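Per-entry structural report
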Amino acid sequence: NAGVTQTPKFRVLKTGQSMTLLCAQDMNHEYMYWYRQDPGMGLRLIHYSVGEGTTAKGEVPDGYNVSRLKKQNFLLGLESAAPSQTSVYFCASSYGRSPYEQYFGPGTRLTVT
Amino acid sequence: GENVEQHPSTLSVQEGDSAVIKCTYSDSASNYFPWYKQELGKRPQLIIDIRSNVGEKKDQRIAVTLNKTAKHFSLHITETQPEDSAVYFCAASLSGSARQLTFGSGTQLTVLP
């Protein structure tokens, strides 16, 4: 069991470039989430999904899009990167029922110059 | 939406002493309160959680207390050890909301040998 994995681990983008972050889980979880973590601000929810083919906005969705075409994968896209999107991005997944624990991936460190 | 405040932002204790971290939440409908530990450069990992129908939960040296009336909950670590040094995050979530977590801003705990 790999748990939750994220690709890539690190990335540097120039302003205006686009990229996709991939999250994969092998625990048959229904719910998946994308967070960003900035110093002194904890983790903030960007988008989430309650099942294959569904997505919804979280607290800070602007500038990001997501897709969940397969149950095990959740993609986060940046169409036109901005320096304000420099952050560490974490994916998480859960069963969506008790127990409610969210399992986190190892994170992707993104720098936008 | 939900708002979670966490204090203190930094905490230093001597090895063997106790550490207490406190969080308050704003939405009285929140009913699930996890605590995550994040070591430097690593992913957040659940250490303990509590539901609103329970006032206290203990797991070896770690305990969490919940006061629903005052809308606050606390993490207690006894007999601290150097490996307890990390950033600790509290969070709160509502039922029926895809179990979205709203995180506090984190507490950097340093255990001095």
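Details of the structure are given in the entry above.
First things first, this report covers the structure right here in the doc. (Residues numbered from 1 in each chain as written. Chains lettered and ligands numbered in written order. Predicted model: local features only at pLDDT ≥ 70, side-chain atom pairs only at ≥ 80, totals over all residues. Heavy atoms only, no water.)

1. Considerations on the side chain of B:Arg99
Considering the arrangement of structural elements, one finds B:Arg99 in the loop between strand S9 (86-94) and strand S10 (102-103). Here B:Arg99 is buried and forms no salt bridge, its nearest opposite-charge partner B:Asp49 lying at an N-O distance of 9.7 Å. At a separation of 3.0 Å, a polar atom in the side chain of B:Arg99 contacts the side chain of B:Ser93. The residues contacting B:Arg99, other than those within four sequence positions of it, are A:Tyr31, A:Tyr33, A:Tyr100, A:Gln102, B:Asn31, B:Tyr32, B:Ser93 and B:Leu94. (Helix = DSSP H or I, 4+ residues; strand = E, 2+ residues; numbered from the N terminus. Buried < 20%, exposed > 50% of the residue type's maximum accessible area, 1.4 Å probe, protein only. Lys, Arg positive; Asp, Glu negative; His and termini not counted. Salt bridge = Lys/Arg side-chain N within 4 Å of Asp/Glu carboxyl O. Polar contact = N/O pair within 3.5 Å; in protein donor to acceptor, adjacent residues only side chain to side chain. Contact = heavy atoms within 4.5 Å.)

2. Notes on the side chain of B:Gln38
Turning to its location among the elements, B:Gln38 is positioned in strand S4 (residues 30-38). A polar atom in the side chain of B:Gln38 sits 2.8 Å from the side chain of A:Gln37. Within the local environment of B:Gln38, its side chain forms a polar contact with the backbone oxygen of B:Lys42, the two atoms lying 2.9 Å apart. Residues contacting B:Gln38, with those up to four places away along its chain left out, are A:Gln37, A:Phe90, B:Arg43, B:Pro44, B:Ala86, B:Val87 and B:Phe89.

3. Thoughts on the interface of chain A and chain B
Of the residues lining the interface, 21 residues belong to chain A; the matching set on chain B comes to 16 residues. Buried surface at the junction of chain A and chain B, summed over both partners, amounts to about 1,700 Å²; 57% is from carbon and sulfur atoms. The largest per-residue losses of area from chain A upon contact with chain B belong to A:Leu43, A:Tyr100 and A:Phe104, which jointly make up 35% of the total buried on that side. Run the count over chain A and chain B and you get five residue pairs in polar contact (both at pLDDT 80 or more). Considering every element that reaches the side of chain A that touches chain B, the biggest residue donor is strand S4 (residues 31-37) of chain A, with four residues. (Buried area = accessible area lost by both parts, 1.4 Å probe.)

4. Section: the nonpolar core
By size, the foremost hydrophobic cluster in this structure holds 23 residues, and its most contacted members are B:Trp35, B:Phe73, B:Leu75 and B:Leu109. Within the residue set of this core, elements represented by two or more residues are strand S2 (10-14), strand S3 (19-25), S4, strand S5 (45-51), strand S7 (62-67), strand S8 (72-77), S9 and strand S11 (107-112) of chain B. Excluding anything up to four places from it in sequence, B:Leu109 contacts B:Leu11, B:Val13, B:Ala19, B:Ile77, B:Asp84, B:Ser85, B:Ala86 and B:Tyr88. Core analysis: the second largest hydrophobic core is formed by 19 residues, A:Met27, A:Ile46, A:Tyr64 and A:Leu110 among them. (Core = buried A, V, L, I, M, F, W, Y, C linked by side-chain atoms within 4.5 Å.)

5. Observations concerning the state of the cysteines
Across all of its chains, the model carries two disulfides over all chains by this definition. Shown here is the disulfide that connects A:Cys23 with A:Cys91, its sulfur atoms set 1.9 Å apart. Taking the sign of the torsion about the S-S bond as the criterion, the disulfide between A:Cys23 and A:Cys91, at about -75°, is left-handed. Within this pair, whereas A:Cys23 is found in strand S3 (residues 19-25), its partner A:Cys91 is found in strand S9 (residues 87-94), the two being separated by 68 residues in sequence. The disulfide bridge from B:Cys23 ends at B:Cys90, spanning 1.9 Å between sulfur atoms. Looking along the S-S bond of the B:Cys23-B:Cys90 disulfide, the torsion reads about -100°, which is the left-handed sense. Remark: B:Cys90 occurs in strand S9 and B:Cys23 occurs in strand S3; sequence separation between them is 67 residues. The exposure classification of B:Cys23 matches that of B:Cys90, with both residues buried. (Disulfide = S-S within 2.5 Å.)

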